[in-house]
Amino acid sequence: MKKQEFAAKIYAPEIEPRVRHPRILDTFDELESGEVMELTNDHDPRPLHYQFMVERESQFEWEYLEKGPEQWRVAIAKK
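Residues numbered from 1 in each chain as written. Predicted model: local features only at pLDDT ≥ 70, side-chain atom pairs only at ≥ 80, totals over all residues. Heavy atoms only, no water.

A. Inspection of the pairing of strand β4 (residues 72–78) at higher detail. With six of seven residues buried, β4 lies mostly within the body of the structure. For strand β2 (residues 36–41) and β4, the ladder comprises six bridges, and the chain directions are antiparallel. Bridging from a neighbouring strand, Glu38 pairs with Ala75 of β4. Here strand β3 (residues 60–67) pairs with β4 via seven bridges, running antiparallel. The residue of β4 that forms the bridge with Glu63 is Ala75. Two successive antiparallel strands, β3 and β4, enclose a turn made up of four residues, where Gly68 displays a positive phi of approximately 65 degrees. (Buried < 20%, exposed > 50% of the residue type's maximum accessible area, 1.4 Å probe, protein only. Helix = DSSP H or I, 4+ residues; strand = E, 2+ residues; numbered from the N terminus. Pairing = 2+ DSSP bridges.)

And the structure:
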């Protein structure tokens, strides 16, 4: 994935845990094809990645921009 501007940015620790994944998925769903969102989290968002693989199969690209130990950043592009 080449460097580009983000259509949306989410800082996950600020979102209440019970609505965190739904809000991230809703934000992704609002992207246009080719747009990218940036997700920043305080832990590896691997469970969210698995959820994307099941619920948004073949609709996204996932690229780690930063891998901890205190902050993880991911670019999630909509195909």
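Further notes follow.
B. The arrangement of the sheet that holds β3 in detail. Across the sheet, which stays open at both edges, the four strands sit in the order β1-β2-β4-β3 with mixed pairing between neighbours. For this open sheet the edge positions go to β1 (8–11) and β3, each flanked by a neighbour on one side alone. Adjacent strand axes in the sheet meet at a mean angle of 20 degrees when their direction is disregarded. Note: β1 against β2, four bridges, orientation parallel. Bridge assignment links Tyr11 to a residue of β2, and that residue is Thr40. (Axes fitted to C-alpha atoms, helices over the stretch in contact; angles between N-to-C directions.)

Read these as spatial facts, not as claims about activity.
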